[in-house]
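What the coordinates show
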Amino acid sequence: MRVQVLTIFPELFGPFLRTSLVGRAVEQGLLSVEVHDLRSFSEDRHRSVDDEPYGGGGGMVMTAPVWVRAVRAVASSAPTAPTGDGEPPKRPWRVLMSPQGRRLDDAVVRQLADEHDDLVLLCGRYEGIDERVRELVVDEEISIGDYVLSGGELPAMVLIEALSRQVPGVVGLPKSVREDSFRRGLLDHPHYTRPPEVEGLAVPEVLLSGDHAAIERWRERQALRATWKKRPDLLDDPARIEELSPEQRRELERLRRP
Ligand code: 9D3
């Protein structure tokens, strides 16, 4: 998967792209991330990218011509390698990180990863971006949630990290992948490691029993109970209930009418 980022703060991405799972994915060539400085597409000597809003009011607005030039330049450079099926290379999918966008969740991440292997992420700053940028060079707007940040850079990193986990080979442990999909839609069960006692709190005995089937049943039950307690909304979806194990469905019945 290839991701290009447009931002006036390219330096924010350095350590993120060199560290941990994303760093390894980039190093192994499973993920390519190119960060472009929006200012390099400015054509005035102050390298400006913003101007005062028409109609007045506070703050500054990012200008359309610089964004349009930047997106067109990066979205046509070195397209994805030919697929070999005779199809012309697909144009990159252009995503504006925006508080007005579609809310990011697991389904959106999977869909983006499935449908596109070439993305351009536009990160805005200031009060906003000239509306014409959306009309001319944006395919979709994505938000990471209803709270105010100062720009799209952190949301872009959130999206890149979530996408990287969907790229085959990036998440190493086959067990984690299997269990992720197996328990999809439920919260995780509690985890414990040494020491066996912390300030009077012991590790649940079953985890020390060596009975792997019993441990698996306990974890499934705990995952369901955690979800019931902390995120009951996740259990409103009939499709999710379908995916529960018979034991989890029985446990859910018990929780629903005690
Ligand atoms: C304080 C200015 N706001 C006026 C009501 C509008 C506004 C403009 C620009 C709010 C935030 C931003 C910058 N945020 C993003 O670019 C952004 C974002 C976010 O703030 N929250 C969640 N997801 C995203 S994606 C991009």
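Coordinates for the structure precede this section.
So, here's what we can say about the structure. (Residues numbered from 1 in each chain as written. Predicted model: local features only at pLDDT ≥ 70, side-chain atom pairs only at ≥ 80, totals over all residues. Heavy atoms only, no water.)

Turning next to the sheet that holds strand β6 (residues 118-123). Pairing is parallel in the open sheet, where 5 strands are placed in the order β2-β1-β6-β5-β8. In the strand order of this sheet, the two ends are held by β2 (32-37) and β8 (140-143), each with one partner. Each strand of the sheet is rotated relative to its neighbour by a mean of 30 degrees, with strand direction disregarded. Two elements, strand β1 (residues 2-7) and β2, share 6 bridges in a ladder whose sense is parallel. Note that in β2 the partner of Leu6 across the bridge is His36. Along the sheet, helix α4 (residues 106-115) makes contact with β5 (93-103), β6 and β8, crossing β5 at roughly 170 degrees. (Pairing = 2+ DSSP bridges. Helix = DSSP H or I, 4+ residues; strand = E, 2+ residues; numbered from the N terminus. Axes fitted to C-alpha atoms, helices over the stretch in contact; angles between N-to-C directions. Contact = heavy atoms within 4.5 Å.)

Below, the discussion takes up the side chain of Arg134. Tracing the chain through its elements places Arg134 in helix α5 (residues 131-137). A polar atom in the side chain of Arg134 sits 3.1 Å from the side chain of Glu141. Setting aside residues no more than four positions away along its own chain, Arg134 makes contact with Leu96, Ser98, Gln100, Ile129 and Glu141. (Polar contact = N/O pair within 3.5 Å; in protein donor to acceptor, adjacent residues only side chain to side chain.)

Time to look at the nonpolar core. Generally speaking, a soluble globular protein has its nonpolar side chains buried in company with each other. Membership of the largest hydrophobic core comes to 29 residues, with the highest contact counts inside it found for Val3, Phe13, Leu31, Leu121 and Ile160. Going through the elements one at a time, β1, α1 (14-18), α2 (20-27), β5, α4, β6 and α6 (153-164) are the ones with two or more residues in this core. A total of 5 residues in this core trace back to one element, the largest contributor, which is α6. In contact with Phe13, other than residues within four places in its own chain, are Val5, Thr7, Val35, Cys123, Glu153, Ala156, Met157 and Ile160. Ala64, Trp67, Ile129 and Val138 belong to the second largest nonpolar core, which has 21 residues in total. (Core = buried A, V, L, I, M, F, W, Y, C linked by side-chain atoms within 4.5 Å. Buried < 20%, exposed > 50% of the residue type's maximum accessible area, 1.4 Å probe, protein only.)

Right, let's get into the site of the ligand. Ser98, Ile144, Gly145, Tyr147 and Leu149 are the nearest of the 16 residues found near the ligand. Between Leu149 and the ligand, the recorded distance is 2.9 Å, taken from a backbone N or O atom to an oxygen atom. Judged by its atoms lying within 2 Å of the grid points, the ligand is housed in the second largest pocket. For the shell around the ligand, the elements supplying multiple residues, two or more each, are β5 and β8. Considered class by class, the residues forming the shell around the ligand number 9 nonpolar, 6 polar and 1 charged. (Near = heavy atom within 4 Å. 1 Å grid on protein atoms, 1.4 Å probe; cavity = no way out; pocket = protein on both sides within 12 Å on 5 of 7 lines; lining within 4 Å. Sits in = over half its atoms within 2 Å of the grid points. Nonpolar A, V, L, I, M, F, W, Y, C, P; charged D, E, K, R; others polar.)

We now examine the packing of helix α8 (residues 212-230) against helix α10 (residues 246-256). A pair of packed helices can be characterised by two numbers: the angle between their axes and the separation between those axes. The contact between α8 and α10 brings their axes to 10 Å, and the two run at 40 degrees. Regarding the angle of α8 to α10, the classification is oblique. The way α8 lies across α10 gives a crossing that is right-handed. Side by side, α8 and α10 meet where Arg217, Glu220, Arg221, Leu224, Arg225 and Trp228 of the first sit next to Glu247, Gln248, Glu251, Leu252, Arg254, Leu255 and Arg256 of the second. Of the residues assigned to the contact of α8 with α10, the class counts are 4 nonpolar, 1 polar and 8 charged. (Parallel < 35°, antiparallel > 145°, perpendicular 65-115°, else oblique. Left-handed = near helix turned anticlockwise from the far one by under 90°.)

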